[in-house]
Amino acid sequence: MIETLIDIVLLTFLAVTAIVIVRIRSLFAVIMLAGIYSLASAGLFVVLDAVDVAFTEAVVGAGISTVLLLGTLALTGEQRKTTSRHGPLIPLAVVTLTGAVLVWGTWDMPLFGDPGAPAHQHVAPRYIQDSPNEVGVPNMVTSVLASYRGFDTLGEVTVIFTAGVGVLALLGFRRRKPRHPEREKP
Amino acid sequence: MILAGVSLGILVVMGLALLSAYLGPTVYDRILAVNMFGTKTVLFIAAYGFLTGRPDFLDIALSYALINFIGVIAALRYVERVYSVEKPGGGADDDTA
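Caption draft 1: Quick peek at the overall build of chain A. Of the regular secondary structure elements, chain A holds eight helices and zero strands. Taken from N to C terminus, the helices and strands of chain A fall in the order α-α-α-α-α-α-α-α. Looking at chain A as a whole, 24% of its 186 residues qualify as buried. A separation threshold of at least 6 residues defines the contact pool for chain A, and within that pool the share at least 24 residues apart is 49%. Roughly 12,900 Å² of accessible area belongs to chain A as shown, and the carbon and sulfur atoms make up 70% of that amount.

Caption draft 2: Main features of the domain arrangement of chain A. Taken domain by domain, chain A consists of domain 1 (1-79) and domain 2 (124-178). Placing a centre on the C-alpha atoms of domain 1 of chain A and another on those of domain 2 of chain A gives a separation of 22 Å.

Caption draft 3: Structural detail: a nonpolar patch on the surface. Residue and element names in this part refer to chain A. On the surface, a cluster of nonpolar side chains totalling about 630 Å² of accessible area is made up of Leu97, Val101, Val103, Trp104 and Trp107. Examined against the element boundaries, Val103 turns out to sit in helix H4 (residues 89-106). Residue classification places Val103 among the partly exposed positions, given a relative accessible area of 45%.

Caption draft 4: Seen up close, the pattern of salt bridges. Residue and element names in this part refer to chain A. One pass over the full model with this rule turns up two salt bridges over all chains. With a shortest N-O distance of 3.9 Å, Arg126 and Asp130 are connected by a salt bridge. One end of the pair, Arg126, and the other, Asp130, are both in helix H6 (residues 124-134), four residues apart, so they sit about a helical turn from each other. Since its relative accessible area comes to 40%, Arg126 is described here as partly exposed. Counted as one network, the salt bridges with shared partners bring together Arg126, Asp130 and Glu134.

Caption draft 5: Up close: unusual backbone geometry. Residues and elements named next belong to chain A. The residue Asp49 is not glycine, and still its phi comes out positive at about 70°. In this fold, Asp49 is placed in the loop between helix H2 (27-47) and helix H3 (51-75). We classify Asp49 as partly exposed; its relative accessible area is 43%.

Caption draft 6: Spatial organisation of the interface of chain B and chain A. Facing the 48 residues of chain B at the interface are 43 residues of chain A. Roughly 3,900 Å² of surface becomes buried between chain B and chain A when both sides are summed, with 75% attributable to carbon and sulfur atoms. Inspection of the chain B/chain A interface yields zero salt bridges. There are one residue pair in polar contact (both at pLDDT 80 or more) connecting chain B and chain A. Secondary structure elements with two or more residues in the side of chain B that touches chain A: helix H1 (2-23), helix H2 (27-51) and helix H3 (58-83) of chain B. Element by element, the count of residues in the side of chain B that touches chain A is highest for H3 of chain B, at 16 residues. Looking at the side of chain B that touches chain A, its residues break down into 30 nonpolar, eleven polar and seven charged.

Caption draft 7: Representation of the packing of H6 of chain A against helix H7 (residues 140-148) of chain A in the model. Residues and elements named next belong to chain A. Where H6 meets H7, the axes come as close as 10 Å, and the angle between the chain directions of the two elements is 75°. It follows from the interaxial angle that H6 and H7 lie roughly perpendicular. Where H6 abuts H7, its residues Arg126, Tyr127, Ile128, Asp130, Ser131 and Glu134 lie against Met140, Ser143, Val144 and Tyr148. Of the residues contributing to the contact of H6 with H7, the split by class is five nonpolar, two polar and three charged.

Caption draft 8: Molecular detail of the nonpolar core. One finds Leu10 and Phe28 of chain A together with Phe37, Phe44 and Tyr64 of chain B to be the most contacted residues of the largest nonpolar core, which totals 55 residues. Mapped onto this core, the elements with two or more residues apiece are helix H1 (2-23), H2 and H3 of chain A together with H1, H2 and H3 of chain B. By residue number, the principal contributor to this core is H2 of chain A, which donates 13 residues. Look past the residues within four positions of Leu10 of chain A in its chain and what remains in contact with it is Ala40, Gly43, Leu44 and Val47 of chain A together with Leu11, Met14 and Phe44 of chain B.

Caption draft 9: The confidence of the model for chain B, seen in detail. All names here are of chain B. Confidence in the prediction of chain B, expressed as mean pLDDT, is 79, and 86% of residues score 70 or more. The spread of mean pLDDT over the elements of chain B runs between H3, the lowest at 81, and H1, the highest at 88. Interface confidence for the predicted complex, given as ipTM, is 0.78, next to a pTM of 0.73.

Conventions and cut-offs
Residues numbered from 1 in each chain as written. Chains lettered and ligands numbered in written order. Predicted model: local features only at pLDDT ≥ 70, side-chain atom pairs only at ≥ 80, totals over all residues. Heavy atoms only, no water. Helix = DSSP H or I, 4+ residues; strand = E, 2+ residues; numbered from the N terminus. Buried < 20%, exposed > 50% of the residue type's maximum accessible area, 1.4 Å probe, protein only. Contact = heavy atoms within 4.5 Å. Areas by Shrake-Rupley, 256 points an atom, 1.4 Å probe, with all protein chains shown as cover. Domains from an automatic or database assignment. Patch = residues over 30% accessible without salt bridge, like charges linked within 9 Å, V, L, I, M, F, W, Y side chains within 5 Å. Salt bridge = Lys/Arg side-chain N within 4 Å of Asp/Glu carboxyl O. Buried area = accessible area lost by both parts, 1.4 Å probe. Polar contact = N/O pair within 3.5 Å; in protein donor to acceptor, adjacent residues only side chain to side chain. Nonpolar A, V, L, I, M, F, W, Y, C, P; charged D, E, K, R; others polar. Axes fitted to C-alpha atoms, helices over the stretch in contact; angles between N-to-C directions. Parallel < 35°, antiparallel > 145°, perpendicular 65-115°, else oblique. Core = buried A, V, L, I, M, F, W, Y, C linked by side-chain atoms within 4.5 Å. pLDDT = per-residue confidence, 0-100.

Have a look at this one:
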């Protein structure tokens, strides 16, 4: 009962924040609201028992993304520009159609938490039964990520590192000439 | 029961922070709202952990506070850099210094 209520409230927060992000003009407010969105979805992931996903969401969404987006905003403009040449009807139709197709696609999926779902039948029982002996890590998700899918995780880390290097190369390593000299004064 | 009430109360305060982030006329209102929302997320995760009988998530909730802190520091640095230029006599075109 209380869990359902918490789910509904958190999902309402997410929906309201997304609508506000679309509607608002100031990009700084958009970045702040994106941080709020990330924190709310992290709370939702905790409610769904996916603590590691929630942690990643909070670190990437609320921490690093905010910093990177603010750095981008410092290099570019502050206000959103309208570039749409047509009315809102065509995008609305495309989005509605895509959403309808996605909802239609979920009808074939097993129910949430269904123990007979294919995802819970394939290798998950072996992880649950053997990972405490084979790996010895108390948290099963950690043992899957760090041992069974170790090469996969290594590839992900490589991709993220490359992306970070790319972003730093775009922003520039060198110290720019001070744009605001009043801050350089002691 | 008390924990359920606490969770719901925290959710209400999160909604108020969301409202403040939406309505807040100045930049500082929004930064304060984000900071408050992050703090309330930490509190909510803590309360929810005790509500479901597994307070193991408490340390993770604490690390959220650190992440939130980093975000707020970045936002304030940005505000300090950009918004101080718009003051009269800020010396924005004195770019060769």
